[in-house]
Amino acid sequence: MQISDSIIRLAEQAETALVPHFARIDRIAFANTAKVLDAFREHRVAANNFDSTSGYGYDDKGRDVLDRIWADVMGAEAALVRQQIVSGTHALTVGLFGLLRPGDVMLSVAGKPYDTLEEVIGITGTPGDGSLRDFGVGYDTVELTPEGSFDWAGIEAKMRQYAGHLKMVFVQRSKGYLNRRTLSVEEIGGLVAFVRAHSPDSFVVVDNCYGEFTEEREPCAVGADLVIGSLIKNPGGGMAETGGYLAGSRRAVELASYRLTSPGTGAEVGATMGQNKPMYKGLFYAPHTVAQALKTAHLAAYIFDALGFRVEPAWNEPRYDIIQTVITGSAEGLCAFCRGIQSASPVDSHVTPEPWAMPGYADQVIMAAGAFVQGSSIEMSADGPLRPPYTAFFQGGLTYESGKLGILAAADAMLRAQKK
Ligand SMILES: *Cc1c(COP(=O)(O)O)cnc(C)c1O
């Protein structure tokens, strides 16, 4: 890999400035690793937990123990961790349909939820396809304030409007691909207290994607009823081959399990087909892997800020998710950024990413991904829509060293594109 000396020197300068931030990340990873190991010890994980089942998967001890370990690590009463959950969107769908009934209302209080949930809720999509809306579930939203905090008065007004029907208060922790702040677990705890005080019969449900292990606590620990995410993001540690999880109160997880399989059977079925070991190993690695991704994101913020690009979050801000945005300012800049990331990936480094018209998106999108697990975004990846201001969304990095090489290659590619 050819990287110019000026960028190598910039990286050295960045790492000196980032020492206290990296130390903070290491402390969080240490605390979370201790929590994971405590749960492994408490539940006496042994080699036979990795045994495989087929068919119905009755009495899969490894699966049941992993659920209990996951619950402990999340600070929850119960959890459902399954390879039969195909994605984050599927896990969220299981949670929403598990809890909501005809006549209920779901209120999203951090603005609109992640794009893929729009068709699940019935905001977009084809009537009759089986969205929540088709089943008579109402939906409304409250935006965050311009400062990016909860709009308490707005939330309270909606609670009064939907009194008796408000079954779910929904919040997305990460900014995802929106232009807003990521919420901390402490802020989500404030929301839980507010909901308990004003609408005690409502479930608080958190889309936790990209947030896991970036702090010492997860939203279950501050009282959220159901917390949901993907195993090919943070909590799979880069080891899980597929899957998703839901964690929270015993009743909420039970209701979700009835939706994932069927009422009555719930969590008692589901063959693991050899996937227990990568899921255990992934949870073991996850605090460390997330730390690698966080350090890579801090480094990216420092380097691109120094090169004159606008970045979010800033290099010296604490983070509650692993996403870093870089405003590249031009189509060529965005493509160069993605080319650099791709060229430093362990898989498909020879491939040149090109913009394409992805179904469901108004503008062309470019993506860089060279991961061991297809679509995994705890592994280094970048993408962005080809429209002003040409923002690159960057996340992941299984090791800081490889993440750093990706960032240096991206910076180098962008500088060369500018000189042309
Ligand atoms: C990735 C993501 C999802 C959806 O997960 P998929 O695995 O892509 O279906 C939902 N919400 C947030 C905040 C995400 O980052």
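Residues numbered from 1 in each chain as written. Predicted model: local features only at pLDDT ≥ 70, side-chain atom pairs only at ≥ 80, totals over all residues. Heavy atoms only, no water.

Asks: Describe the site of the ligand, and please don't skip the residues or the numbers.
Replies: Around the ligand sit S87, G88, T89, L92, Y114, Q172, D207, C209, Y210 and K233, and that is every residue in its neighbourhood. With respect to the ligand, the backbone of G88 contributes an N or O atom lying 2.8 Å from an oxygen atom. Between the ligand and the protein, one listed contact pairs an oxygen atom with a side-chain N or O atom of T89 at 2.5 Å. Contact with the protein chains hides 88% of the accessible area of the ligand, taken as 380 Å² for the molecule alone. Looking at the shell around the ligand element by element, the count peaks at 3 residues for helix α4 (residues 88-99). (Near = heavy atom within 4 Å. Polar contact = N/O pair within 3.5 Å; in protein donor to acceptor, adjacent residues only side chain to side chain. Areas by Shrake-Rupley, 256 points an atom, 1.4 Å probe, with all protein chains shown as cover. Helix = DSSP H or I, 4+ residues; strand = E, 2+ residues; numbered from the N terminus.)

Asks: Any chance you could break down the pattern of salt bridges for me, citing the residues and the numbers?
Replies: Counted according to the given criterion, the structure contains 19 salt bridges. Among the salt bridges present, the one from K167 reaches D104, with a minimum N-O distance of 2.7 Å. In this pair, K167 sits in strand β4 (residues 166-172) while D104 sits in the loop between α4 and β2 (105-108), placing the two residues 63 residues apart along the sequence. A salt bridge links D363 to R387; the shortest N-O distance between them is 2.6 Å. Here R387 lies in the loop between β11 (381-385) and β12 (391-395) and D363 lies in the loop between α10 (331-343) and β10 (365-369), a separation of 24 residues in the sequence. With a relative accessible area of 25%, D363 lands in the partly exposed category. With relative accessibility at 39%, the residue R387 sits in the partly exposed group. Salt bridges sharing partners connect three or more residues here, namely K112, D115 and E118. (Salt bridge = Lys/Arg side-chain N within 4 Å of Asp/Glu carboxyl O. Buried < 20%, exposed > 50% of the residue type's maximum accessible area, 1.4 Å probe, protein only.)

Asks: Provide a residue-level description of the sheet that holds β12, including the pertinent values.
Replies: As summarised here, the arrangement of the 5 strands in space is β8-β9-β12-β11-β10, forming an open sheet in which the pairing is antiparallel. What marks the edges here is a single partner per strand, and that holds for β8 (310-312) and β10. Each adjacent strand pair in this sheet contributes to an overall mean axis angle of 15°, direction not counted. Note: β11 against β12, 3 bridges, orientation antiparallel. Paired with D383 across the strands is F393, a residue of β12. (Pairing = 2+ DSSP bridges. Axes fitted to C-alpha atoms, helices over the stretch in contact; angles between N-to-C directions.)

Asks: Tell me about the side chain of T289, and name the residues and values.
Replies: With respect to the helices and strands, the residue T289 is situated in helix α9 (residues 276-306). Filtering out sequence-adjacent residues up to four positions away, T289 remains in contact with G237, I378, G397 and L398. (Contact = heavy atoms within 4.5 Å.)

Asks: Which residues make up the sheet that holds strand β3 (residues 138-141), and what values do they have?
Replies: Across the sheet, 7 strands lie side by side as β1-β7-β6-β5-β4-β2-β3; this open sheet has mixed pairing. The open sheet is flanked by β1 (78-82) and β3, the only strands paired with a single partner. Across this sheet, the average inter-strand angle for adjacent strands is 20°, counted without regard to direction. Bridge analysis of β2 against β3 gives 4 bridges, and the strand direction is parallel. Across the sheet, residue S108 finds its bridge partner in β3, namely T141.

Asks: Please give an account of the nonpolar core that cites residues and values.
Replies: W70, L191, L283, I303, F304, F337 and I341 are the most contacted members of the largest nonpolar core, which has 98 residues in total. Of all the elements, α9 adds the most residues to this core, at 14 residues. Judged by nonpolar contacts, the second largest core, of 28 residues, contains V137, F170, L246 and A256. (Core = buried A, V, L, I, M, F, W, Y, C linked by side-chain atoms within 4.5 Å.)

Asks: I'd like to hear about the environment of Y400, residue by residue, with values.
Replies: Of note, Y400 is situated in helix α11 (residues 400-419). Here Y400 falls in the buried class, since its relative accessible area comes to 10%. On a C-alpha basis, the gap between Y400 and A297 in space is 9.5 Å, while along the polypeptide they are 103 residues apart. For Y400, the contacting residues outside a window of four places in its chain are E15, F22, Q292, K295, T296 and L299.

Asks: If you had to explain the packing of aromatic side chains to someone new, which residues and values would you point to?
Replies: In total, this model carries 13 aromatic pairs according to the counting rule given. Measuring from ring centre to ring centre gives 4.7 Å for W152 and F194, while their planes differ by 45°; the resulting arrangement is tilted. On the criterion of sequence distance, the pair formed by W152 in helix α6 (residues 152-161) and F194 in helix α7 (residues 185-198) is long-range, its members being 42 residues apart. Note on F194: relative accessible area 14%, which makes it buried. Between F284 and Y285, the aromatic rings sit 5.7 Å apart at their centres with planes inclined by 90°, giving edge-to-face as the arrangement. Judged by relative accessible area, which is 32%, Y285 ranks as partly exposed. Clustering of aromatic rings is evident, with ring pairs tying together F304, F309, F337 and F394. (Phe/Tyr/Trp six-rings, centres within 6.5 Å; stacked < 30°, edge-to-face > 60°.)

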